[in-house]
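# Results of the structural survey
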Amino acid sequence: MSFPRAKPIDDLYEDVAGYDLVVVPDAPLASALNRRIDRPHLGSFAITPRRLAAGRREEAEDRIAFLELVEQTDLDWKRGAYAIGNILQCWEHRGRLEAILDYDAYVDGATRQAVEYIAGLDTTSRRLTEYRIDGDQDIAVVGHDQLTQLERSILPDDYETYDTFGEREFDRPPFHIFDSATAIVDTVVDAVTESNADDVAVVLDRGSEFSALIESALEADDIPFYGGPGFIDDPDHRTFVQLLRAAHGGTETRVGEIRPLLSRLGISLDVEHDEKRLYELDDRELDWLVDFCGHIETRTFAEALGRFEDRVDRRLDGFRAELETLGIADTRATESAVDQLVFYLQSYEVPIDRDNEGVLLADAKSAAYVDRPVVFYLGLDEDWTHSAPRRPWVDQGPQYTRNIQQFQLLLQSGATQYYLVQDAKGGSPVTPCLYFEELLDEEFERFSDLDSATHAPRIDRSGDGFEKKPVEATTSQMSTISQSSLGTYVNSPRDHFFDRLVDDPDKDYFKEGNLFHDFAEFYVTHPEFVDEGVIDDVVEYMLAETRPFVRSVDEATRRTKYRAGVETIVAFFDENTPVDGEFLTATSDWGSNVFAERFDRPIDSPITERWFENEDLGVKGKIDLVHSPSRLLDHKSGRRKSAAQIVKRSALDPPSDSPNFQALLYLTHWRSQYPEQRLEFAFFHFLDTLDDVVAGEVDLDDTLTTVSYHPMPFEAHARSEAFFDELVEDGANDCQKTLSQVDYEDYAAVFDETDLPDTTDSGELIDSAFGETLTARLKDRVGDYKYVESGCKQAMRQLARVRGRTFFEDDLDAFEAFVDERLGELNRRRAGVERFPIGGLGGEPNYRYVDNRDLLLEGER
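Rules of the game
Residues numbered from 1 in each chain as written. Predicted model: local features only at pLDDT ≥ 70, side-chain atom pairs only at ≥ 80, totals over all residues. Heavy atoms only, no water. Pairing = 2+ DSSP bridges. Helix = DSSP H or I, 4+ residues; strand = E, 2+ residues; numbered from the N terminus. Contact = heavy atoms within 4.5 Å. Axes fitted to C-alpha atoms, helices over the stretch in contact; angles between N-to-C directions. Patch = residues over 30% accessible without salt bridge, like charges linked within 9 Å, V, L, I, M, F, W, Y side chains within 5 Å. Areas by Shrake-Rupley, 256 points an atom, 1.4 Å probe, with all protein chains shown as cover. Salt bridge = Lys/Arg side-chain N within 4 Å of Asp/Glu carboxyl O. Lys, Arg positive; Asp, Glu negative; His and termini not counted. Charge placed at Lys NZ, Arg CZ, Asp CG, Glu CD. Core = buried A, V, L, I, M, F, W, Y, C linked by side-chain atoms within 4.5 Å. Buried < 20%, exposed > 50% of the residue type's maximum accessible area, 1.4 Å probe, protein only. Expected span 1.5 Å × (residues − 1). Polar contact = N/O pair within 3.5 Å; in protein donor to acceptor, adjacent residues only side chain to side chain. pLDDT = per-residue confidence, 0-100. Phe/Tyr/Trp six-rings, centres within 6.5 Å; stacked < 30°, edge-to-face > 60°. Parallel < 35°, antiparallel > 145°, perpendicular 65-115°, else oblique. Left-handed = near helix turned anticlockwise from the far one by under 90°. Nonpolar A, V, L, I, M, F, W, Y, C, P; charged D, E, K, R; others polar.

What follows concerns the sheet that holds strand β2 (residues 21-23). The strands making up a sheet are joined through hydrogen bonds of the backbone, oriented either antiparallel or parallel. The strand order across the open sheet built from four strands is β3-β2-β4-β5, with neighbouring strands paired in parallel fashion. Whereas interior strands pair on both sides, the edge strands pair on one side only; in this sheet they are β3 (46-47) and β5 (160-162). Direction of pairing for β2 relative to β3: parallel, over a ladder of two bridges. Its bridge partner lying in β3, Val-23 is registered against Ile-47. Packing of helix α1 (residues 9-16) onto the sheet brings it into contact with β2, β4 (139-142) and β5, and relative to β4 it is tilted by some 155 degrees.

All right, on to a negative patch on the surface then. On the surface, Glu-721, Asp-725, Glu-726, Glu-729, Asp-730, Asp-743 and Glu-745 cluster together into a negatively charged patch. No other element matches helix α29 (residues 721-730), which puts five residues into the negative patch. By the secondary structure assignment, Glu-721 is in helix α29.

Bringing the nonpolar core into the picture now. Counting 83 residues, the largest nonpolar core has Phe-66, Leu-244, Leu-289, Phe-301, Phe-319, Leu-341 and Tyr-344 as its most contacted members. In terms of residue count, helix α5 (residues 77-94) provides more of this core than any other element does, eight residues in total. In this view, Tyr-344 contacts Arg-63, Phe-66, Leu-67, Trp-77, Glu-322, Leu-326 and Val-350; residues no more than four positions away in its chain are not counted. By size, the runner-up hydrophobic cluster in this structure holds 69 residues, among which are Ala-520, Tyr-523, Val-570 and Ala-663.

This next bit is on helix α11 (residues 235-247). For α11, spanning 13 residues, the distance from its first C-alpha to its last is 18 Å, which sits close to the expected 18 Å at 1.5 Å a residue. Looking at α11, one finds that the buried residues are Asp-236, His-237, Thr-239, Phe-240, Val-241, Leu-243, Leu-244, Ala-246 and Ala-247. For α11, the elements touching its buried residues are α12 (259-264), α13 (287-294), α14 (301-312), α15 (317-326) and α16 (335-347). For α11, the capping residue at the N-terminal end is Asp-234, with a side-chain oxygen 2.9 Å from the backbone nitrogen of Asp-236.

What follows is about the pairing of strand β10 (residues 359-363). Among the five residues of β10, five are classified as buried, and the element is accordingly described as predominantly covered. Residues of β10 alternate between two faces, with Val-359, Leu-361 and Asp-363 on one and Leu-360 and Ala-362 on the opposite face, all of them buried. The pairing of strand β8 (residues 200-204) with β10 spans four bridges and is classified as parallel. When the sheet's bridge partners are listed, Leu-204 is paired in β10 with Asp-363.

The next thing to look at is the pairing of strand β19 (residues 679-685). The two faces of the sheet receive side chains in turn, since in a regular strand these alternate between them. Counting buried positions over the seven residues of β19 gives six, a clear majority of the element. Relative to strand β20 (residues 704-710), β19 runs antiparallel, the two sharing six bridges. In the sheet register, Glu-680 faces β20, and the bridge partner there is Ser-708.

The strand order β9-β10-β8-β11-β12-β7-β15 describes an open sheet built from seven strands, whose pairing is parallel. Each of the sheet's edge strands pairs with one partner strand only, and the pair in question is β9 (225-226) and β15 (452-454). With four bridges connecting them, strand β7 (residues 175-178) and strand β12 (residues 416-422) associate as parallel partners. When the bridges of β12 are listed, His-176 appears paired with Leu-420. Across the sheet, helix α9 (residues 181-191) is in contact with β7, β8, β11 (374-378) and β12; its angle to β12 comes to roughly 155 degrees.

On to the pattern of salt bridges, then. Scanning the entire structure with this criterion turns up 51 salt bridges. Between Arg-563 and Glu-532 there is a salt bridge; the shortest N-O distance is 3.7 Å. Of the two residues, Arg-563 is situated in helix α23 (residues 555-575) and Glu-532 in helix α22 (residues 532-546); the sequence distance between them amounts to 31 residues. The class of Arg-563 is partly exposed, set by a relative accessible area of 24%. In this structure Glu-532 comes out as partly exposed when scored by relative accessible area, which is 49%.

Note on placement: Phe-343 falls in helix α16. Sequence-wise, Phe-343 and Lys-78 are 265 residues apart; in three dimensions their C-alpha atoms are separated by 7.7 Å. In contact with Phe-343, not counting residues within four places along its chain, are Trp-77, Lys-78 and Ala-81.

The next subject is the environment of Met-712. If you trace the backbone, Met-712 turns up in the loop between β20 and α28 (714-718). Taking the C-alpha atoms as reference points, Met-712 and Asp-811, 99 residues apart in sequence, are found 9.7 Å from one another. Not counting the four nearest positions on each side in its chain, Met-712 is found in contact with His-717, Phe-808, Glu-809 and Asp-810.

Our next topic: the side chain of Asn-614. With respect to the helices, strands and loops of the structure, Asn-614 is situated in strand β16 (residues 608-614). The class for Asn-614 is buried, based on a relative accessible area of 10%. Here Leu-617 takes part through its backbone nitrogen, which lies 3.2 Å from a polar atom of the side chain of Asn-614.

Moving on, we come to the confidence of the model for the protein. Reading predicted coordinates in detail is not appropriate for stretches of low pLDDT. Across the protein, pLDDT averages 87, with 93% of residues at or above 70. Mean pLDDT values for the elements of the protein range from 75 in strand β1 (residues 2-6) up to 96 in strand β21 (residues 806-808). The model gives residues 461-468 a pLDDT under 50, and that stretch makes seven contacts with residues more than four places away or in other chains.

One pass over the full model with this rule turns up 50 aromatic pairs. Consider the rings of Phe-240 and Phe-308, whose centres lie 5.5 Å apart with planes at 40 degrees: the pair is tilted. Of the two residues, Phe-240 is situated in helix α11 and Phe-308 in helix α14; the sequence distance between them amounts to 68 residues. Taking relative accessible area as the criterion, Phe-240 reaches 0% and is therefore assigned buried. Judged by centre distance (5.3 Å) and plane angle (40 degrees), the ring pair of Phe-724 and Tyr-747 falls under tilted. You can see Phe-724 sitting in helix α29 and its partner Tyr-747 sitting in helix α31 (residues 744-753), a full 23 residues away along the chain.

Attention now moves to the packing of α22 against α23. Two elements in contact, α22 and α23, have axes whose closest approach is 9 Å; the angle formed by their N-to-C orientations is 135 degrees. As summarised for this structure, α22 and α23 are arranged oblique, according to the angle between their axes. Where α22 crosses over α23, the two elements pack in a sense that is right-handed. For the pair α22 and α23, the contacting residues are Glu-532, Ile-535, Asp-536, Val-538, Val-539, Glu-540, Met-542, Leu-543 and Thr-546 in the first and Glu-555, Arg-558, Arg-559, Tyr-562, Arg-563, Val-566 and Val-570 in the second. For the contact of α22 with α23, the class distribution of residues is eight nonpolar, one polar and seven charged.

Laid out in structure tokens, this is it:
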């Protein structure tokens, strides 16, 4: 679709060439008209109202007023800046300085004081207020509606106006859609050379990712540019500010929080340290940083800057000069002083000297005209929309008109325009700039709904591609998989893939869990050695090892937690002594044990930390404790889960939304060692009873969750005489009363008449043909009584409960086939035959259990 076309600069110049003075709303437009002057002209020709009134280049008067206020008063910096912003904005829209005092809600002591000081300053707004254009000249005004009230106040009574738009339509070029911001920037840089840089402009939102990307790309190709990075964008300036902020971050500062700063300072730390507290890490690389931060309160800004300059071996004269301008060079760099400095740098643009050569980088929210033959527009998304000031002195209608006209003019700058955009980011559609809704008479939600061309990713920028050489390579086959990897893979294959590529930081709960596991293993091996003194030592050692992760205020709580966990482990194994392990073959040592090393005692028990890798089944893992030939034990520091929850999370078809196959996988392996035996897998949650331990009322049974395996199919177990006897003896009241009046043969006959549904839903079982048959037969044998019907329902509820919290032969058989299928699928994907999808067997992954969320880019690729 098209919209009104802006008058070409050449046409606009022809309209106004005969006037003595041309007033325009935009400095780039004035420069463009002045470059086309083809006759002698005395004085200014095309000029903005502010430049005309001030007789000089426009200055940021808000910063000038702020610096004056800082020097002359003791006003709080934020209050002063707020007052100055309101005063100047109101002055702009109402035409006089004191207009702000008409709005009681915005008037306080700071505002009155600021008005008084601003009145005495030689600002551009003051000169505009006092200036009037000589009426004897022939005056033309271009874009009168885009001038503010204050700017119009300088105009004489008689002048001619010219619209910036003509009667013809502007045929908007198509949007060029790319899959990433990097691809967009590469496209721009490919088109620019050092020789044509002066003919190219790039329009972008200065706060977007495009700003840093285009600057670094142009620098890398030695292409000159200007108009982009500001004072605080200088890498050294930004690093120094980050350093000051980090110095006041406190003792809880984590390495991951300041990793960009560490990188700028040349400090390299492994990602495993990201969750650790900076001041608790014993690393020589950090000595300079820790010393700087530790003494920041005693140093002035100038002294701190000097230390930083020595570190980076560069002088920051511009930053030092700005500290002098603010009058804080000799001020202590306290936290409040640093906050003030940061506020100033974020609020005001510090002027810097620029070489106006090369590619022009223009801010989408500041420019209205860009006088270059070729203009690239990057992004064009909703961040290009102006946020109109919500103040009573701002007339929203005219302000909106000015903003959308500015946008409309900007889109037409140059002889050739290229609109380079993204249609989606992170799987979500990109919303075009909201002004398009008014300019384009068609419905759309994203750029691809409009006239557009999609550009596929390119292999290289030269167009020749990389030289290809045949490479002989084989992909290693995975023959076994652990329960944790299987759970991650089932939730999201792509997350599993990235888990193998990306290092993760150490976590406090991993560190704690490993320490508790080591102590449990040590105690099982050397129970006679552990006394109160050893427990004290263990607790203090655990505190020291986890201190980098833990806030200092939490140390007392952690001490209580660690002691309770250690004492619970001791009490549990005193009451539940494991077998001696003679039935097991010896295994090679698995890892190390910090307490064995600390107390110089060996760990050589075959029943602890027993590693297995069963290639026949395709599974591997580490058993914390073989408690007996038929019972495996796993130590858990997390919250306790019921047997039903454990079985539910082991589901295969469909899988749970929080898959966990540990019990199922370990029992499958152990079944291969003891195929005809009933087995148990017990989770020992030694911290779950923490509150009870503190209160002295712990029941060790509350720490255990046990899942059983029966070496038979579920239906065989359900129809067995042993289960029938269990219902008679331990069932609910009506169940016992009913079944005690019949023989086992009456119960078993039901299984011959109809199949038992494989379900954990008691309602579904009761309503099934099996449920109806069981109820009818027992009513026939006992009588048509309410308690018989109730007893049958209770029996079926018990059947459903057993099915939902126990593993059977068919469950483990299905799991063996499931693992075989997953390994085959996984190896095909590792070989590149098919991709690793984001969604797992259950569809969209449960993102609560995804470790690499930022790497899972959704949508078509």
